[in-house]
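# Observations on the model geometry
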Amino acid sequence: DAGVTQSPTHLIKTRGQQVTLRCSPKSGHDTVSWYQQALGQGPQFIFQYYEEEERQRGNFPDRFSGHQFPNYSSELNVNALLLGDSALYLCASSSLRGVTEAFFGQGTRLTVV
Amino acid sequence: SQQGEEDPQALSIQEGENATMNCSYKTSINNLQWYRQNSGRGLVHLILIRSNEREKHSGRLRVTLDTSKKSSSLLITASRAADTASYFCATDGASGTYKYIFGTGTRLKVLA
């Protein structure tokens, strides 16, 4: 049983470009949440997807968008990259059918130059 | 903004000693989770404690929750060098929808 998988592991992009990060949730989970973690900080909630819809959103600009597919996997898209978008992006998998733990992937390290 | 604050920010102990980390939060919660993070990689789930629970154990880990004080503590007994990591608490703010709010973490260093 695979846990939460994220791809790619590392990514370097140029300011102004667009990036897509991918996440496959843990088997049996239907909810995917995305977090941004800047160096030395705790993760910050970006948004959450359930039933292919964005259910909740944190304090992030519209440059951050996402998608959830019928198989529950998810993508995070960031447009017009800024240097400040450099961070570790974490995907969390959970199930809204009951109170269970939220499991995280290994993250994607995004560097914007 | 951060909901929780871990205390201390950094902790250095000798192998075999116990390590205690504290977490304070601001709003009511349904549950609180503790995570470990090694070298800026993914978060490893340690323990979930519900708001109606006061204490939970898992191996060498003991978590307490005091909802009246809006605080939690994580105790690692008989620490090992492999326990060196950052530890975070995360609360759901009573939303019950996995919009977790994290503190800034405690950086634990266990010296061999």
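Attention here is on the structure that accompanies the text. Bear in mind that the values here come from a model prediction, so they are computed numbers and not experimental data. (Residues numbered from 1 in each chain as written. Chains lettered and ligands numbered in written order. Predicted model: local features only at pLDDT ≥ 70, side-chain atom pairs only at ≥ 80, totals over all residues. Heavy atoms only, no water.)

### A closer look at the environment of Asn38(B)
Residues and elements named next belong to chain B. For asparagine 38, the location among the structural elements is in the loop between strand 4 (31-37) and strand 5 (43-50). Overall, asparagine 38 belongs to the partly exposed group, its relative accessible area being 28%. When the C-alpha positions of asparagine 38 and glycine 59 are compared, they lie 19 Å apart, and in sequence the two are 21 residues distant. Beyond its immediate sequence surroundings of up to four residues, asparagine 38 is in contact with Ala82, Thr84 and Ala85. A polar atom in the side chain of asparagine 38 sits 3.3 Å from the backbone oxygen of threonine 84. (Helix = DSSP H or I, 4+ residues; strand = E, 2+ residues; numbered from the N terminus. Buried < 20%, exposed > 50% of the residue type's maximum accessible area, 1.4 Å probe, protein only. Contact = heavy atoms within 4.5 Å. Polar contact = N/O pair within 3.5 Å; in protein donor to acceptor, adjacent residues only side chain to side chain.)

### Focus: the sheet that holds strand 7 (residues 61-66) of chain B
Residues and elements named next belong to chain B. Reading across from one edge, 1-3-8-7-6 is the order of the five strands in this open sheet, with antiparallel pairing throughout. Where the open sheet ends on each side, the last strands, each with one partner, are strand 1 (5-7) and strand 6 (55-58). The average angle at which neighbouring strand axes cross in this sheet is 15°, direction not considered. For strand 7 and strand 8 (residues 71-76), the ladder comprises six bridges, and the chain directions are antiparallel. Paired with valine 63 across the strands is leucine 74, a residue of strand 8. (Pairing = 2+ DSSP bridges. Axes fitted to C-alpha atoms, helices over the stretch in contact; angles between N-to-C directions.)

### Some points on the pattern of salt bridges
Overall, the coordinates contain six salt bridges over all chains when judged by the stated rule. Salt-bridge contacts for Arg55(A) lead to Glu51(A); the nearest nitrogen and oxygen are separated by 3.1 Å. When the shortest N-O distance is used, the salt bridge between Glu55(B) and Arg62(B) registers 3.2 Å. Overall, the relative accessible area of 31% leaves Arg62(B) in the partly exposed class. (Salt bridge = Lys/Arg side-chain N within 4 Å of Asp/Glu carboxyl O.)

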